[in-house]
Amino acid sequence: MSRPTVLLVGADSYVLRACERHQVDAVVISNSGAYESGRIKLPPGGRVIRVDEVTNVEDILGALHREGLGGQKFDAVQTTWEYAAVTTAVLARALGCRTIDPVTALHFRDKSLQKARLRDAGVPVTRAVVVPDVFDVSEVPFDFERAVLKPIAGGGTTSTSVVTSRKDLEDASRAFREQKETNRTFLLEEFVEGDEWMAEGIVFGGEVIFFGLGAYTEPCLEAVTGQVPISLRRLDPTKEAEAYASAEPVVRAAIAALGLQDSVFHMELFREPGTGRIVFSECAARRGGALTQEQVQAKFNVDLAEAALLCALGRRPELKVSVTPDVIGCVGFYGSAGTVISYPTPDELIAEPNVIFAQTYVPPGATLSTKFSASADMLGAILLATETVEDFDNRVVELRDWIDERLVVARPHLNSGQRWAWQAATWPDREYRDWLYEGR
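The numbers attached to residues start from 1 for each chain and follow its sequence in the written order. At least 70 in pLDDT is required for a residue's local features to be given in this predicted model, at least 80 for side-chain atom pairs to be given and counted, and no such filter applies to totals for whole chains, interfaces and linings, which use all residues. The side-chain values count all of the structure's non-hydrogen atoms but skip hydrogen atoms and water molecules.

Asker: Explain a negative patch on the surface to me, please; I cannot follow it from the model alone.
Answerer: A cluster of acidic side chains, namely Asp326, Glu387, Glu390, Asp391 and Asp393, defines a negative patch on the protein surface. You can call aspartate 393 partly exposed: its relative accessible area is 34%. The patch calculation keeps residues exceeding 30% relative accessible area without a salt bridge and links them within 9 Å when they carry like charges or within 5 Å when they are nonpolar (Val, Leu, Ile, Met, Phe, Trp, Tyr). For the area figures, the Shrake-Rupley method with a 1.4 Å probe applies, and any residue is considered shielded solely by the protein chains shown. Think of a salt bridge as a Lys or Arg side-chain nitrogen and an Asp or Glu carboxyl oxygen that are within 4 Å of each other. Working convention for charge: Lys and Arg count positive, Asp and Glu count negative, and His plus the chain ends are omitted. A single reference atom marks each charge: NZ on Lys, CZ on Arg, CG on Asp, CD on Glu. For each residue, the accessible area found with a 1.4 Å probe, counting protein chains only, is set against the maximum for its type, and the residue is called buried under 20%, exposed over 50%, and partly exposed in between.

Asker: Can you help me understand empty space enclosed by the protein in this one?
Answerer: A probe matching the size of a water molecule, rolled over the atoms, marks out where space remains unfilled. Cavity: a set of points on a 1 Å grid over the protein atoms alone where a 1.4 Å probe fits but cannot get out. Pocket: an open set with protein on both sides within 12 Å along at least five of seven lines, its lining residues, like those of a cavity, having an atom within 4 Å of a point. Grid points are joined across faces, edges and corners, and a volume is the space filled by probe spheres set on the points. For the structure shown, the criterion picks out one cavity of 30 Å³ or more. The computed volume of the largest cavity comes to approximately 30 Å³. As for the largest cavity, its lining consists of Gln78, Thr79, Thr80, Val264, Arg286, Arg287, Leu304, Ala305 and Ala308. For the lining of the largest cavity, the secondary-structure elements that each account for two or more residues are β4 (76-79) and α11 (304-312). Partitioned by chemical class, the residues of the lining of the largest cavity number four nonpolar, three polar and two charged. In this text, helices come from DSSP runs of H or I with a minimum length of four residues, and strands from runs of E with a minimum of two, each type numbered from the N-terminal end. In this classification, Asp, Glu, Lys and Arg are treated as charged, Ala, Val, Leu, Ile, Met, Phe, Trp, Tyr, Cys and Pro as nonpolar, and every other residue, Gly included, as polar.

Asker: How do you make sense of the packing of helix α1 (residues 13-21) against α11 when you look at a structure like this?
Answerer: To describe two helices that pack against each other, one gives the angle between their axes and the distance between the axes. Axis lines are fitted to C-alpha atoms, over the contacting stretch for helices. Their N-to-C directions set the angle, which ranges from 0 to 180 degrees. Relative orientation of the contacting elements α1 and α11 amounts to 65 degrees, with a least axis distance of 8 Å. The element α1 and its partner α11 pack so that their crossing is right-handed. Along its contact with α1, which presents Tyr14, Val15, Ala18 and Cys19, the element α11 presents Ala305, Glu306 and Leu309. Classifying every residue of the contact of α1 with α11 gives six nonpolar, no polar and one charged. Handedness of a crossing is defined here by the sense of rotation of the near helix relative to the far one, left-handed for an anticlockwise turn of less than a right angle and right-handed for a clockwise turn. When checking whether two residues touch, look at their non-hydrogen atoms; a contact exists if any pair is within 4.5 Å.

Asker: What am I meant to see in the environment of cysteine 19 here?
Answerer: Checked against the element boundaries, cysteine 19 lands in helix α1. Along the sequence, cysteine 19 and alanine 305 sit 286 residues apart, while their C-alpha atoms lie 9.7 Å from each other. Every residue in contact with cysteine 19, bar those within four places of it in the chain, is listed here: Val6, Leu8, Val24, Ala26, Pro43 and Leu309.

Asker: Could you clarify how one ought to interpret the pattern of salt bridges in this entry?
Answerer: Two side chains carrying opposite charge are able to pair once their charged atoms lie near each other. In this structure the tally under the stated criterion is 28 salt bridges. The partner of aspartate 262 in a salt bridge is arginine 98, with the nearest N and O atoms 3.0 Å apart. Of this pair, aspartate 262 sits in the loop between α9 (241-258) and β12 (263-271) while arginine 98 sits in the loop between α4 (85-95) and α5 (102-107), placing them 164 residues apart in sequence. By relative accessible area, arginine 98 is classed as partly exposed at 35%.

Asker: Is there a simple way to explain the packing of helix α3 (residues 57-66) against α4 in this structure?
Answerer: Two elements in contact, α3 and α4, have axes whose closest approach is 10 Å; the angle formed by their N-to-C orientations is 45 degrees. The angle between the axes of α3 and α4 places the two elements in the oblique class. Viewed along their axes, α3 and α4 form a crossing whose handedness is right-handed. From α3, Val57, Ile60, Leu61 and Leu64 reach across to α4, where they touch Thr87, Val90, Leu91 and Leu95. Note on terminology: angles under 35 degrees are roughly parallel, angles over 145 are roughly antiparallel, angles of 65 to 115 are roughly perpendicular, and the others are oblique.

So this is what it looks like as structure tokens:
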């Protein structure tokens, strides 16, 4: 029997690992950044093809034909890349193979369509108004005490802000015009006070066969606004059973209403203070970021990437859920603006107490901006395991301080004298003297 072949839109090391374990041949469509990173770990027989844009069907079809794969029979097309969800669905239709339905994929991308469908199904959902063109908000009604302005099909809090008045909305519109924002169709969404949760799950045959909850230490948007890299932890189904009991009806009803059949999902929820009511925010047909793969595997013994691959191929994942009593979560870290000289390696990070895994994303020599603009903007992230939530919260602070003490960043916009002074203060044992030759 021949091995199945899957077309992966975007490089995902964990999905590629699952391909090797399940003897699935992989053809990876990669953008230039991932292609040049040197970090794509192909399984034996795997193949990677660079394209200019992984969200462009024409780019991908053209590349496949140029590489002699125009007539290749794929068993499935799969993606972890948020922005390529609809592209993947349409591409699979063109190639005649399994994937998510394009209209279903659209409802996991366009947040206005998503919220309208859930509202019709009776799922508690945040109120929202479509902003047809964020460059002109003169006709957009503003009847919120506070609202979130975000791209209608965005991701990771990119180009997202909080507005509290019509003036705020008009100021944001003017700023987007001046910045020449490429996304112009936005959503104005009710701001919900309270805890921000996420549900990572697996659905097969339209049935949710697994979901696990997590909670941000502080709401994701507030973290970006306050310039604090995100930290979050997984909620325990035994110790925090009440959370699961309140969230489960919303999770299951939302997935049923959106029509997802065979996939993993990442859902954002709010728990209102006082009432405890769970309100749906948004959902994506892929796993979450910020070490979500590692957190879910460490807490629940569930490999979301493997599940995503098997679901794409039409195979029901065989789950062996085993919940650890440890508090499992992650902490992201960033740095001050400038050129990165050095910072702790993953091995050095893992040697610290409670750290069980670490990833770094920014190579030495890269330039950090004055501030990060999205939740995914991080130097790196650490996976933690502690005995209590209090221990977890304390270790988040301690580890960020420990990393900051060892992070070396050359500040930007210094003149020559300031750079010499910075060098002398940073490496006092390496003297670059300015001296005169005395002769023999």
